Amino acid sequence: MANLLQVKGLYKSFGGIKAINNVSLNVQEGEIVGLIGPNGSGKSTFVNLICGLYHPDAGQVLLKGDEVTGLDAPTMASKGVARTFQASRPFLNLTVMENVIIAALLHEPLLQAEKKAMEIIKFTGLDKYKNIKCASLPVEIRKRLDISRALAINPCLIMLDEAMAGLNPKEMEEGIELVRRINQEGITVIFIEHVIKAVMALSHRIIVLNQGELLIEGDPQTVINDEKVIKAYLGDGFAHVTN
Ligand code: ADP
Ligand code: MG
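The rules behind each value
- Residues numbered from 1 in each chain as written.
- Chains lettered and ligands numbered in written order.
- Predicted model: local features only at pLDDT ≥ 70, side-chain atom pairs only at ≥ 80, totals over all residues.
- Heavy atoms only, no water.
- 1 Å grid on protein atoms, 1.4 Å probe; cavity = no way out; pocket = protein on both sides within 12 Å on 5 of 7 lines; lining within 4 Å.
- Points joined across faces, edges and corners; volume = space filled by probe spheres on them.
- Nonpolar A, V, L, I, M, F, W, Y, C, P; charged D, E, K, R; others polar.
- Axes fitted to C-alpha atoms, helices over the stretch in contact; angles between N-to-C directions.
- Helix = DSSP H or I, 4+ residues; strand = E, 2+ residues; numbered from the N terminus.
- Parallel < 35°, antiparallel > 145°, perpendicular 65-115°, else oblique.
- Contact = heavy atoms within 4.5 Å.
- Core = buried A, V, L, I, M, F, W, Y, C linked by side-chain atoms within 4.5 Å.
- Buried < 20%, exposed > 50% of the residue type's maximum accessible area, 1.4 Å probe, protein only.
- Pairing = 2+ DSSP bridges.

Q: How would you sum up empty space enclosed by the protein? Please name residues and give values.
A: On inspection of all chains with the given rule, the structure shows two cavities of 30 Å³ or more. The space that makes up the largest cavity amounts to roughly 40 Å³. Taken together, Leu49, Ile50, Gly52, Tyr54, Val61, Val68, Thr69, Gly70 and Leu71 make up the lining of the largest cavity. Among the residues forming the lining of the largest cavity, the class breakdown is six nonpolar, three polar and no charged. Empty space within the second largest cavity amounts to approximately 30 Å³. Lining the second largest cavity, in full, are Leu160, Ala163, Met164, Val179, Phe191, Ile192 and Glu193. In terms of residue class, the lining of the second largest cavity is made up of six nonpolar, no polar and one charged.

Here's what the structure looks like:
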């Protein structure tokens, strides 16, 4: 399979904090990659660097073999790099449908954007909320709206930053199912998640960050049984609980 994303020697510091410290990794077209690690390990910073919100201090990012290092967020979005934020950020005074239309306008004129937004909210199961203003939506619906907006830019890569945080078990199952369907549409997925059950259910591969560094990457079983991962993130009780 071809590499969709290649990251080479990426660095980002904030003052004295090395938030991303010499991270190199590849993501292949069509993969679902789980990105995990303790709080503060650099997961969101990594997403912010790839989508162009942050400028790396050093290193290289290639998308489909083309150098995209340091390009800004609108340019990365136009190249099909979409992301959701850990804290949901819809336009609160607009409806669900209007929020998705705005994202779709990146590539389409208004009429097509409306049609596309309708297709997307059906796909994500939000059609019954389409005329509701976002300010009155519960968190799980906002998370799904974030994903809908990301889909509206025709992504080749979608990065979900804790898109399933705070969901109850049933909503979590639905979230897992939605991510699978997104991937079946041919979209590559990087998702940050703390609920290991969801990570194991979805990931083709898991990448672990710790203190800004790549601790390990590999197939899900190998990674979650790795001593370093248990020590840095999962905790000693974990192996016992999952066996
Ligand atoms: P994670 O998403 O894994 O919890 P983050 O990427 O949010 O971790 O943060 C990694 C480190 O970088 C943390 O120490 C955090 O405080 C710091 N950090 C992230 N973003 C900023 C920022 N905009 N300004 C200053 N420090 C930041
Ligand atoms: Mg984060």
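Q: Provide a residue-level description of the packing of helix α5 (residues 139-151) against helix α6 (residues 169-184), including the pertinent values.
A: Contact geometry of α5 with α6 gives a least axis separation of 12 Å together with a crossing angle of 5°. By the criterion of interaxial angle, the relationship of α5 to α6 is roughly parallel. Between α5, through Glu140, Arg144, Ile147 and Leu151, and α6, the contact on the second element is made entirely by Glu171, Glu174, Gly175, Leu178 and Ile182. Partitioning the contact of α5 with α6 into residue classes produces four nonpolar, one polar and four charged.

Q: Before we move on, can you summarise the nonpolar core with the specific residues and values?
A: Across soluble globular proteins, you tend to see nonpolar side chains buried next to one another. Counting residues in each nonpolar core, the largest one holds 51 residues, and the members touching the most others are Ile158, Leu160, Met164, Ile182, Val189 and Phe191. Apart from the residues within four sequence positions on either side, Ile182 is in contact with Phe123, Ile147, Leu151, Ile158, Ile187 and Val189. Of all hydrophobic cores here, the second largest spans 27 residues; its members include Leu4, Leu25, Val47 and Ile50.

Q: For the sheet that holds strand β7 (residues 157-161), give the residues involved together with the corresponding values.
A: The mixed open sheet is built from six strands, whose spatial order is β6-β7-β8-β3-β9-β10. At either end of the open sheet lies a strand with only one pairing partner, and these are β6 (81-84) and β10 (213-218). Taking the axes of each pair of neighbouring strands and ignoring which way they run, one obtains an average angle of 15° across the sheet. Bridge count between β6 and β7: four bridges; the pairing is parallel. Looking at β7, one finds that Val81 is bridged to Leu157. Each of β3 (32-36), β6, β7, β8 (188-192) and β9 (205-210) touches helix α1 (residues 43-50); the most contacted strand, β7, lies at about 150° to it.

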